Amino acid sequence: MNDSDVKFPYKEAGLTEREAAAHLLNRFTFGPTPHEVDKVVHQGLENWFLQQLSAKNNDDELNRMLQGYDALTMSNAEILKKYPGNAEIQKMAMEDGLMNKDSLAKGSQNKKKLMNDYRMDNGFGTYKQLYSQLINQKILRATYSQNQLQEVMTDFWFNHFNISLAKSSYGMFAISYERDVLRKNCLSNFEQLLLSTAKSPAMLQYLDNARSTGRNSRFGASKEETERRIEKLKNDTSATGRNMQAKLERRLNSGLNENYARELMELHTLGVDGGYTQKDVTEVARILTGWTVFPALREDDPARVKKLALFDSEKSKRLGFVHEGDFLFAINKHDDEAKTVLGKKFPAGGGYGEGLELFHLLATHPSTAKFISKKIAIHFVSDNPPQSLIDKMAKTFLEKKGDIKQVLLTMVQSPEFWSKDAVREKIKSPFELAISTMRILNTSSINRPDVLNRWITKMGQRIYFYQAPTGFPDNAKYWINTSSLLNRINFGLAVTSNRIPGLDYDLAALNDYKEPDSPENALEVYCKLLLPERDITSTVKRLTPLLNDPDLGKKVEKASKENVSNADDDSDDQKPMTPPTKKKTDNYTGSLSFNNSSSLKQVVGIILGSPEFQRR
Amino acid sequence: MFGISLGGVPTFVARAAESLKQNRLYKKKKILVCIFQRGAMDGLMAVTPFEDSFLKSARPTLFMEAGREKPLIDLDGRFGLHPAFKSFAPLFKEKQLAIVHGIGSPNNTRSHFDAQDYMESGTPFNKGTTSGWLNRAIGVMGHDASPFTAVSLTSSMPRSLYGTNEALAISNLNDFSLQVRENKFTQGLVANSFEDLYDETTSSLLKETGKESFDAMKMLQRADVKNYNPSNGAEYPKTALGKAMMQIAQLIKMDIGLEIAFAEHSGWDTHVSQGTLQGTFARSAADLSNSITAFWTDLGGDLQDDVTLMTMTEFGRTVKQNGTGGTDHGRASCNFILGNDVNGGKVHGLVKTLAIENLEDGRDQPVTTDFRAVFSEVADKHLLIRDNQILFPDWKGNAIGVMKS
């Protein structure tokens, strides 16, 4: 499609250009920043969207903020080296003679200290540091990236192809997974995206495909041979001996694992009603036997050079091994017999190639087109998107061979996207709520993303830790319940009462330092600023009594003298690393009883906690 | 009741008040309390088959004896309770406490994450199950929903409670309040503003949930959870689990519709220096048993009839101790079930001698009771959930008689 042909039918749906711009911003960014509606209108709605689709805006400022996070630019091999797990630390410390059986046995405290010392002395980081880099960068990117749609789509696909940091054996791969697999392909082509997830160590480990082996593989030690070796090691109680035993026992117990195959069809492509059977699941699992993580991935693994030479050798290639970066197709673990999936025959001896064919089959299947289109429509349009819209998107999906940009363009050019049933009908997830708050307040720095993250967790979304492969459910009912709602309300109040350390924003600046001439005026001005292009009459009406009590000042004063504070301190929030920056609003002088900054903050806090701000 | 449920759908508080008048419906509800022991408890140390010579020789520095002047508490001539669990002994004697030994998952994974995931989803061979078994239980009990029907005393929702039925994850009941750092007057003003705003919104979900949130908040405020005094001289350990159990007791006493409570207890992954009388295992065991018995004492006679408590852990540990004075990931473990309709005072399940030929993969206590047999029996007998296919879709086995019939 030619760019100039792109046209958004919002007028037909009865929206003004400004309302349409606000709707675009609500759906394709993590929330509008102040006056962003003006900018989008000025640029032209279609132009703005096309620019977001190309995701080439300058992000130098964001990148400067991320400079201190070293792991964000590391490969998996480098991360494994710099951030080894406890088992590796222990192994290295023992090899260096700094720990031995006795020091390990003396008690866990001592062991912890020895291991921490070893980490510090050698400049190794911990998983905790690694994960907090991942979490912090997500918060900063979502808040500050100029390529908002790219971040929204990265978040969307992460949730679609979910992995969880709860399991430490692959958590360290999440940084590369998000960066090299998801962000890189988030607006490209679905088949390419799918295939990248399939070959990533994160997914291979999370859904166990890495250890799925075929019964009919051409190579590999026989069961008897393995049993014989275990028997020989029985009396060897050294660490190496025990590790070897465990490894051999795992080999003995290994076999076909269907976890990935099932989720690949149920969650990633066809959908649960996509027309496949349990037999198909088993057959897909057989095709994907041997799809695994390159062994000796760690950059300084002593075995790495040898393994690289081995798997990159001409002989290995001839045998059918495929090594690409972190991925290895191990033909010796591959079930090489014939298979049939969804009626399509895969003849014996297909090797790595039959896997590629399988992904093509799944990625271009009509059920996949429908399933993915629906999921996109649920995220961007409404919890119950009209079938007519899904059909249009699915048609584009098939015609344009899974081109994600084209599917989005079809969606946003459909009247259903702009209909009254869609506008402000999505409820923000806790993450979206937190980030949209940062954006609408024009927060210039977030010094403690970790505290923000604690609030997001409290509101019901522990990002990167959702355990099930489904990802977080994408509907209002999941996010809104009695406690999450209360926490959402408290979040707004916490932001404006400086209870989230390290946030730098300036309420007076939002109104260009113009002083509202009355409390009513201030209320209206800030409602308009924080809820651009929304109907604010009811919010204003409901909050006016808060300002109009003639004795308000006296009552507040009296009550504060009594000093009966029932407010609960957020005792789990540690002291900020940097003292909270002095807010310019502290010197804000408005007028009347409303003019003191704490009243203004309170009103802003209430607007942030209002039902209208929960919607996007 | 609080002067705000004027018209419209009666809120859960109004319904609660109503039901208190009519036959106290909520009172009749049964409550299941689950504690997940994360990290995999060594069942063979918790409840030791102390006459097993194979175990004795496999654990040169970890094995303890039972009998006079010996540390283990002899339960039945064959099994001995670790001394740190001593507060369990009277409960066992009074037949309120049952133990199932050899319990575990049919899936032989020894990964904490996977094993917990399977146990909590209730489907040991399917990772894709979206909901947890306890969440599915909420859906089939058929009582009026309260925001406190299912409560997890954790900071984020546990896998067991994932799902479409409303559940609450809250580590501290005090968080269930409007956090305005001013005086009571301002707090009241702010609260009124929010109530008005949510009452007015066009989104029915936000409107109804808003109403319930404010009602629930007021209810907790009235109950004054901050200044709670346990009954019957119960003393909770000042630990995370102790606090969680105390809050569960508070919720039960408030009588606000609690049916499922969940707490978790970490620290059971004893690879190193597991210890015997003292050490990491003993510390965890004392915390667990003291928290549970304090909770039980606090409830007292009447309320005990309504409650069944069950512990669970993802797998057990190797029969043989390892080179660092601990044990590694194994298969079967044991669990504890406490309640008045429990078939107590008995160690249920099948534990053969731990000779190598009786072990799973030549190293681990074999799983002889599928965890689903026990979980579903408890749900069936205590919560009266007859349709086990909803809780455990692939489960076709039989109950083992851990509950009174």
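Structure shown above.
About the thresholds
- Residues numbered from 1 in each chain as written.
- Chains lettered and ligands numbered in written order.
- Predicted model: local features only at pLDDT ≥ 70, side-chain atom pairs only at ≥ 80, totals over all residues.
- Helix = DSSP H or I, 4+ residues; strand = E, 2+ residues; numbered from the N terminus.
- Buried ≥ 20, exposed ≤ 12 C-beta atoms within 10 Å, placed from the backbone.
- Contact = placed C-beta atoms within 7 Å.
- Axes fitted to C-alpha atoms, helices over the stretch in contact; angles between N-to-C directions.
- Parallel < 35°, antiparallel > 145°, perpendicular 65-115°, else oblique.
- Nonpolar A, V, L, I, M, F, W, Y, C, P; charged D, E, K, R; others polar.
- Pairing = 2+ DSSP bridges.

Engineer: Help me out: how do you make sense of the overall build of chain A in this one?
Structural biologist: Broken down by element type, chain A carries 35 helices and seven strands. Counting across all 616 residues of chain A, residues that qualify as buried make up 47%. For chain A, restricting intrachain contacts to residue pairs at least 6 apart in sequence, the fraction spanning at least 24 positions comes to 76%.

Engineer: I'm lost on helix H5 (residues 112-121) of chain B in this one. Help?
Structural biologist: An α-helical turn contains 3.6 residues, so any two residues separated by three or four positions project in the same direction. All names here are of chain B. The buried count for H5 comes to nine of ten residues, which makes it a mostly enclosed element. Burial in H5 covers these residues: His112, Asp114, Ala115, Gln116, Asp117, Tyr118, Met119, Glu120 and Ser121. In the stretch just after H5, Gly122 is the one whose phi turns positive, near 80 degrees.

Engineer: Looking at this model, I keep getting lost on the environment of Phe28 of chain A. Mind explaining?
Structural biologist: All names here are of chain A. Mapped onto the elements of the fold, Phe28 is located in helix H1 (residues 17-28). By C-beta crowding, Phe28 is classed as partly exposed, having 18 other C-beta atoms within 10 Å. For Phe28 and His379, which are 351 residues apart along the polypeptide, the C-alpha to C-alpha distance reads 10.0 Å. Not counting residues up to four positions away in its chain, the partners in contact with Phe28 are Gln52, Gln148, Leu149 and Val152.

Engineer: Can you help me understand the packing of helix H10 (residues 148-160) of chain A against helix H12 (residues 174-185) of chain A in this one?
Structural biologist: Two quantities define a packed helix pair, namely the angle between the axes and the distance from one axis to the other. Residues and elements named next belong to chain A. Viewed as axis vectors pointing N to C, H10 and H12 meet at an angle of 105 degrees, and their least axial separation amounts to 9 Å. Taken together, the axes of H10 and H12 lie roughly perpendicular to each other. Every residue of H12 that contacts H10 at Gln150, Thr154, Trp157 and Phe158 is listed here: Glu178, Leu182 and Arg183. For the contact of H10 with H12, the per-class residue count stands at three nonpolar, two polar and two charged.

Engineer: I'm lost on the pairing of strand S10 (residues 333-339) of chain B in this one. Help?
Structural biologist: The side chains of a regular strand alternate, first on one face of the sheet and then on the other. Residue and element names in this part refer to chain B. S10 sits mainly inside the fold: seven of its seven residues count as buried. On S10, burial covers both faces: Ser333, Asn335, Ile337 and Gly339 on one face and Cys334, Phe336 and Leu338 on the other are all buried. Strand direction decides the pairing type here: strand S5 (residues 97-104) and S10, joined by six bridges, are antiparallel. From the neighbouring strand, Ile99 faces S10, where its bridge partner is Phe336. In the sheet, strand S9 (residues 307-313) pairs with S10 via three bridges, with the strands oriented antiparallel. Each bridged residue has a counterpart across the sheet, and for Leu309 the counterpart in S10 is Leu338.

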